[in-house]
Protein chains: 2
Amino acid sequence: MPIDAQPTTRVRAADELKQVALEQFATVGFAATSLQHIADHAGYSKSSVLYHFTSKEALLEAAIEPAISEFEAVLDDFIAGRGSGRRRRLVARVVDLLLDNRQAVHVFLIQGPSLAELPIIARANDAVRRLADAIGEERESVVDQVRFGIGLGGAAFLLTAGRSFSDADALPADDELREVLHVVLGELLAPGDRPHQTTTD
Amino acid sequence: MPIDAQPTTRVRAADELKQVALEQFATVGFAATSLQHIADHAGYSKSSVLYHFTSKEALLEAAIEPAISEFEAVLDDFIAGRGSGRRRRLVARVVDLLLDNRQAVHVFLIQGPSLAELPIIARANDAVRRLADAIGEERESVVDQVRFGIGLGGAAFLLTAGRSFSDADALPADDELREVLHVVLGELLAPGDRPHQTTTD
DNA sequence: ACGCTACTTGACCGATCGGTCAGATCCTGC
DNA sequence: GCAGGATCTGACCGATCGGTCAAGTAGCGT
């Protein structure tokens, strides 16, 4: 909701294109999404897309970079942090990040391995790997690592690809989804400390 | 290592192509995998690929149909079956199916929504949806449905895309992985009945 | 009115896509 | 040795890919 009634049109085009592109990348896949497709869907010409973004890869980067930066921030905080509530805090922030950036997360987590050649994706993959390592070092149990992988990948799957598998009414509003994800991801990513059903605190 | 020294060559080409194609489809994605790529990787020409399979789509179908049929069998057995051990049996069979058909599962589960236009994928998506509905009817709890989605999608993610996020030594042999998946998926898909950590171990 | 800049676009480029087709080559039965 | 089907391949097709470029058009400061 911009206070400025006319956002100078200039920024709007780029933002529109970013959003449309991200939507297509997440649902159809980066490789399968053509610039023409994005342009048509956004009401521009392909040339306009390439005017605002120097390449398809640059468009991808512009679309998902913020989410990656935020993910890196969450990761750095987790690595630097200590204490027993560490994993719980990680879970909370990961859930928020997933809900706020489903499409971007789908791109760099689900499609990540197949797009590793792109620098921005490589950066995201590296962050994911560092998180996996951090979890792995903390507890050597294989079960724990599998829980972590299933939790992270499964949540990303559920919020993006998995949505098409359930009726529209099955998956409820984001509010309830957030709570539910807290519970389930809490079981998976922080199996040690049971938070007695939260109540915030 | 086939006992038959010369498997008549005829079948071999098609099988080789199927395997190479499935590998590429799972790692790079169906849309991003070209017939030329598959042909080069398998040591044939693109024309040869199209001789054995009438189209790229037909090649995909030949590569993943067996896994889909098996998945449908597991599903039908679960829907028809009753009793408390029903979910545990589902978990066991799903784990085996995942381990034996990682690549195919990755294609029709992870890439499924973006390939829904292909009949064979539509069939697989329908099966997944039926399974989700069956789980949903049994227990209306949203948490349960989320556990199911995360378990299924997360396991598929872990066994395919997620592998590239961990060092080669991190994820162990299939035997141990099978046990671990039994435990974790058991927690997620059959949260009701706790099998007391199963004997074995 | 002017020029400058931001923006948009169609025409066009080489490369590659999935797919067709007409031969080569090879293998087997006779 | 030869006919015939199975297999394999290069040449080729129209369509589409990501990307370039020059010619516009719109809006703003002067």
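Parameters and conventions
- Residues numbered from 1 in each chain as written.
- Chains lettered and ligands numbered in written order.
- Predicted model: local features only at pLDDT ≥ 70, side-chain atom pairs only at ≥ 80, totals over all residues.
- Heavy atoms only, no water.
- Least-squares fit on C-alpha atoms with pLDDT ≥ 70 in both.
- Contact = heavy atoms within 4.5 Å.
- UniProt positions renumbered as here; feature names shortened; annotations may be inferred.
- Helix = DSSP H or I, 4+ residues; strand = E, 2+ residues; numbered from the N terminus.
- Phe/Tyr/Trp six-rings, centres within 6.5 Å; stacked < 30°, edge-to-face > 60°.
- Lys NZ or Arg CZ within 6 Å of the ring centre and 35° of its normal.
- Axes fitted to C-alpha atoms, helices over the stretch in contact; angles between N-to-C directions.
- Parallel < 35°, antiparallel > 145°, perpendicular 65-115°, else oblique.

J.: Describe the relation of the copies chain A and chain B, naming the residues involved and giving the relevant values.
T.: Placing chain A over chain B gives an RMSD of 0.0 Å and needs a rotation angle of 180°, together with 0.0 Å of translation along the axis. Taken together, the rotation and translation relating the two chain copies correspond to the operation of a two-fold axis. In terms of C-alpha distance to the rotation axis, chain A has G154 of chain A as its closest residue, with the C-alpha 1.7 Å off the axis. A shared binding surface is used by both copies, with 98% of the interface residues of chain A retained as interface residues in chain B.

J.: Before we move on, could you go through the UniProt feature "DNA-binding region" (unreviewed entry) in chain A and cite the residues and values that matter?
T.: Here the UniProt feature "DNA-binding region" (unreviewed entry) sits at residues 34-53 of chain A. Secondary structure across residues 34-53 of chain A divides into 75% helix and 0% strand, with the first and last C-alpha atoms of the span separated by 14 Å.

J.: I'd like to hear about the packing of aromatic side chains, residue by residue, with values.
T.: All names here are of chain A. For the coordinates displayed, the defined rule picks out four aromatic pairs over all chains. Between F71 and F108 the ring centres are 5.8 Å apart and the planes differ by 45°, which places this aromatic pair in the tilted class. Here F71 is found in helix 4 (residues 56-80), whereas its partner F108 is found in helix 6 (residues 102-110), with 37 residues between them in sequence. For K56, the ring lying beneath its charged end belongs to F30, and the centroid distance is 4.5 Å.

J.: Tell me about the packing of helix 4 of chain A against helix 5 (residues 86-100) of chain A, and please be specific about residues and values.
T.: Residues and elements named next belong to chain A. Two numbers describe how helix 4 lies on helix 5: the axes approach to 10 Å, and their chain directions differ by 175°. Classified by the interaxial angle, the pair formed by helix 4 and helix 5 is roughly antiparallel. Residues A67, E70, F71, A73, V74, D77, F78 and I79 of helix 4 form the contact with helix 5, whose participating residues are R86, R87, R89, L90, R93, V94 and L97.

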